[in-house]
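Descriptive analysis of the structure
Below, each chain spelled out in residue letters.
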Amino acid sequence: MKKIFAFLTVFLSVSLVVFADNATDALNFFNSYVNAANTYSTTIPDYYSPGAKIIRQVVKPDGTLVDRETTTARYISEMKKGQAVAKMRKYKNNYSDIKVTKINDTTYKVSSLRQPTGETYKLKAYMIVQKQPDGKWLIIEEMMQTKVQLLLNAK
């Protein structure tokens, strides 16, 4: 009985350490992404899986929500175009209420509230990040709310 108890104690301890390490790694990856985005780094595309699901949830003036999904390639192309203007305007996003939730052993959801520069409101955002077999972390899904109504006309 003592051996079984000892085994279970060790197993649970190791499991908690692995979860904590991966959750910490996922959070560190998210923080690295935020830093890269807020410094207009050219490495931003490297954070995304080529097949990532990109969702922009438009918050209409009446409070209703409309989801607009795009491909990773189009998102990165649009982002590159907008980086110069963002840098000139010193646009950044500040994130608060950051929570890391385990989906499985290699996949975590990082949820937060995003506050764009100069705004008083906060918008919901999340990233689902996944540790790849080579140890690299990638965004496999991203959702950010926006009040930019132009996205409603985007296809």
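These numbers were taken from a predicted model, which means no experiment stands behind them.

**Looking at the overall build of the protein chain**
Scanning the protein chain from terminus to terminus reveals 2 helices and 6 strands. Mapped in sequence order, the helices and strands of the protein chain form the string α-β-β-α-β-β-β-β. The proportion of buried residues among the 155 residues of the protein chain is 34%. Approximately 9,800 Å² of the protein chain is accessible, and the part contributed by carbon and sulfur atoms is 60%.

**Re the pattern of salt bridges**
Going through the model one piece at a time under the given rule, you end up with 3 salt bridges. Between aspartate 105 and lysine 102 there is a salt bridge; the shortest N-O distance is 3.1 Å. The class for aspartate 105 is exposed, based on a relative accessible area of 55%.

**Some remarks on the nonpolar core**
The biggest cluster of nonpolar side chains holds 24 residues, and the ones touching the most others in it are Tyr33, Tyr47, Tyr48, Met127, Val129 and Ile139. Of all the elements in the fold, those that place two or more residues in this core are α1 (2-38), β1 (48-59), α2 (72-89), β4 (107-116), β5 (123-131) and β6 (137-146). Here the element with the most residues in this core is α1; it accounts for 7 residues.

**Quick look at the pairing of β6**
Among the 10 residues that make up β6, 9 are buried, leaving the element largely enclosed by the rest of the structure. Looking at chain direction, β1 and β6 are connected through 7 bridges and run parallel. Opposite isoleucine 55, over in β6, you have methionine 143 as the bridge partner. Relative to β6, β5 is paired through 7 bridges, and the arrangement is antiparallel.

**Quick word on the confidence of the model for the protein chain**
For the protein chain, per-residue confidence averages 86 on the pLDDT scale, and 83% of positions sit at 70 or higher. Contacts from residues 5-19, a stretch scored under 50 in pLDDT, to residues over four places away or in other chains number 2 contacts.

Parameters and conventions
Residues numbered from 1 in each chain as written. Predicted model: local features only at pLDDT ≥ 70, side-chain atom pairs only at ≥ 80, totals over all residues. Heavy atoms only, no water. Helix = DSSP H or I, 4+ residues; strand = E, 2+ residues; numbered from the N terminus. Buried < 20%, exposed > 50% of the residue type's maximum accessible area, 1.4 Å probe, protein only. Areas by Shrake-Rupley, 256 points an atom, 1.4 Å probe, with all protein chains shown as cover. Salt bridge = Lys/Arg side-chain N within 4 Å of Asp/Glu carboxyl O. Core = buried A, V, L, I, M, F, W, Y, C linked by side-chain atoms within 4.5 Å. Pairing = 2+ DSSP bridges. pLDDT = per-residue confidence, 0-100. Contact = heavy atoms within 4.5 Å.

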